[in-house]
Amino acid sequence: AGKHTASSHRLSALVTPAGRSYECQAQQTISLISSDHQKSVQLLLSEVRIQPFDITADFVFSEEHKCPVDQREQLEETLPLILGLILGLVIVITLCVYHIHHKLTANQVQIPRDRSQYKHMG
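Since the structure is predicted, the reported quantities are computational estimates derived from the model, not experimental observations.

What counts and how
- Residues numbered from 1 in each chain as written.
- Predicted model: local features only at pLDDT ≥ 70, side-chain atom pairs only at ≥ 80, totals over all residues.
- Heavy atoms only, no water.
- Helix = DSSP H or I, 4+ residues; strand = E, 2+ residues; numbered from the N terminus.
- Buried < 20%, exposed > 50% of the residue type's maximum accessible area, 1.4 Å probe, protein only.
- Contact = heavy atoms within 4.5 Å.
- Areas by Shrake-Rupley, 256 points an atom, 1.4 Å probe, with all protein chains shown as cover.
- UniProt positions renumbered as here; feature names shortened; annotations may be inferred.
- Polar contact = N/O pair within 3.5 Å; in protein donor to acceptor, adjacent residues only side chain to side chain.

**Student:** How should I be thinking about the overall build of the chain in this particular structure?
**Tutor:** From N to C terminus, the chain includes one helix and six strands. Its helices and strands taken in sequence order, the chain reads β-β-β-β-β-β-α from the N to the C terminus. Counting all 122 residues of the chain, 15% fall into the buried class. Of all intrachain contacts in the chain linking residues separated by at least 6 positions in sequence, the fraction that spans at least 24 positions is 58%. Carbon and sulfur atoms form 59% of the exposed surface of the chain, whose accessible area is close to 10,800 Å².

**Student:** Would you take a moment to explain the UniProt feature "transmembrane region" (unreviewed entry) in the chain for this structure?
**Tutor:** In the numbering used here, UniProt assigns the feature "transmembrane region" (unreviewed entry) to residues 79-100. Along residues 79-100, the helical share is 100% and the strand share 0%, with 32 Å between the first and last C-alpha atoms.

**Student:** What exactly am I supposed to notice about unusual backbone geometry here?
**Tutor:** For residues other than glycine, phi is negative in most cases, and the peptide bonds are mostly trans. The phi dihedral of E47 is positive, around 50°, even though this residue is not glycine. On the secondary structure map, E47 appears in the loop between β4 (41-45) and β5 (48-50). Residue E47 is classed as exposed on the basis of its relative accessible area, which comes to 63%.

**Student:** Where do I start with the side chain of S21 in this structure?
**Tutor:** On the secondary structure map, S21 appears in strand β2 (residues 21-24). Discounting residues that sit within four places of it in the chain, S21 has contacts with T16, R49, I50, Q51, P52, F61, S62, E63, E64 and H65.

**Student:** Where do I start with the side chain of E23 in this structure?
**Tutor:** Among the structural elements, E23 can be located in strand β2. Engagement of the side chain of E23 in a polar contact is seen with the side chain of Q25, the distance being 3.3 Å. Setting aside residues up to four positions removed in sequence, E23 forms contacts with V48, R49, E64, H65, K66, C67 and D70.

So, in structure tokens, the structure goes:
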């Protein structure tokens, strides 16, 4: 069948700032172009961590740079918590404002000290 090569015109896969390691827990599919046009080549990667540049020591990774898929998943996990806390804070502030407003505007009923004044109360 012979030897074939595969390459990619998209260089956006595994993009990492220099000096940081690339980490991605989610599954990624990278499609490659084969020199044999009848065959397609796909790389399925999951739970990947690589150190592309600036290796300081053997088997020591620099600070990780999360892949976009992991960053989105992390945002999806924390966004409901943040929105819930904001909603709870808005409810507490609303209740406090209502309570203070109610206290300031309430008509205080004067209770007569003399029993003879009770007959005038309607």
